[in-house]
Amino acid sequence: ALMDRLRTTGMSTAQMAAYAALVTRGTASLATQRELLAKHRDRVRETIGEWRRALALLDRKVDFYDAWLRTGQRPNDGPAHARRTLTPTTRRPRKP
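From a predicted model like this one, the values you see are computed outputs, not experimental measurements.

What counts, and at which threshold
Residues numbered from 1 in each chain as written. Predicted model: local features only at pLDDT ≥ 70, side-chain atom pairs only at ≥ 80, totals over all residues. Heavy atoms only, no water. Phe/Tyr/Trp six-rings, centres within 6.5 Å; stacked < 30°, edge-to-face > 60°. Buried < 20%, exposed > 50% of the residue type's maximum accessible area, 1.4 Å probe, protein only. Helix = DSSP H or I, 4+ residues; strand = E, 2+ residues; numbered from the N terminus. Expected span 1.5 Å × (residues − 1). Axes fitted to C-alpha atoms, helices over the stretch in contact; angles between N-to-C directions. Parallel < 35°, antiparallel > 145°, perpendicular 65-115°, else oblique. Left-handed = near helix turned anticlockwise from the far one by under 90°. Contact = heavy atoms within 4.5 Å. Nonpolar A, V, L, I, M, F, W, Y, C, P; charged D, E, K, R; others polar. Core = buried A, V, L, I, M, F, W, Y, C linked by side-chain atoms within 4.5 Å.

Peer 1: Lay out the packing of aromatic side chains in plain terms, naming residues and giving numbers.
Peer 2: The full count for this structure, using the stated rule, is three aromatic pairs. Seen from their ring centres, Phe64 and Tyr65 are 5.2 Å apart, and the 80° between their planes marks the pair as edge-to-face. Its relative accessible area of 7% is what places Phe64 among the buried residues. Between Tyr65 and Trp68 the ring centres are 6.1 Å apart and the planes differ by 5°, which places this aromatic pair in the stacked class. Of this pair, Tyr65 and Trp68 both sit in helix H3 (residues 30–71), three residues apart, which is roughly one turn of the helix. Judged by its relative accessible area of 43%, Tyr65 is partly exposed. A relative accessible area of 7% places Trp68 in the buried class.

Structure below.
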């Protein structure tokens, strides 16, 4: 169960193997086991923060498009976008 959870959190198979090897050493490696898991926990927390920021951006963009579709007009979501007069079907020119 723990190994499945670690895999779900993005722990590499090499890290899981290292953890499993530490566990087989018993109580002599408790501090190292704890350190390995604590470092991974820090990475998981960092990833969760990144995913939350990404989710917030996606929420804003979906809301933006919902408003555009609802009103038929591009919402003004800031100075950079106020200059543009695109419609939902307008394509931007491709960059060379």
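More follows now that the structure is in view.
Peer 1: So what's going on with H3? Residues and values would help.
Peer 2: Given a rise of 1.5 Å per residue, 42 residues ought to cover 62 Å, and the 60 Å separating the end C-alpha atoms of H3 matches this to within 8%. Buried residues of H3: Gln33, Leu36, Ala38, His40, Val44, Gly49, Phe64, Ala67 and Trp68, and no others. Looking at the residues trailing H3, positive phi occurs at Gly72, about 80°.

Peer 1: Account for the packing of helix H2 (residues 13–24) against H3, with residues named and values stated.
Peer 2: Two elements in contact, H2 and H3, have axes separated by 9 Å at closest approach and are oriented at 155°. Comparing the axis directions of H2 and H3 gives the class roughly antiparallel. With respect to the hand of their crossing, H2 and H3 are arranged in left-handed fashion. Residues Gln15, Ala18, Tyr19, Leu22 and Val23 of H2 lie in contact with H3, whose contacting residues are Thr32, Gln33, Leu36, Leu37 and Arg43. The residue inventory of the contact of H2 with H3, partitioned by class, reads six nonpolar, three polar and one charged.

Peer 1: For the nonpolar core, give the residues involved together with the corresponding values.
Peer 2: Grouped together as the largest cluster of nonpolar side chains are six residues: Leu6, Met11, Met16, Tyr19, Leu22 and Leu36. The greatest single-element share of this core, amounting to three residues, is contributed by H2. Not counting the four nearest positions on each side in its chain, Tyr19 is found in contact with Leu2, Met3, Leu6, Gln33, Leu36 and Leu37.

Peer 1: Could you give me a rundown of the environment of Lys61, with the residues and numbers involved?
Peer 2: With respect to the helices and strands, Lys61 occurs in helix H3. Exposure remark for Lys61: the relative accessible area of 30% places this residue in the partly exposed category. With 16 residues separating them along the chain, Lys61 and Asp77 place their C-alpha atoms 9.9 Å apart.

What is shown is where atoms sit, not what they do.
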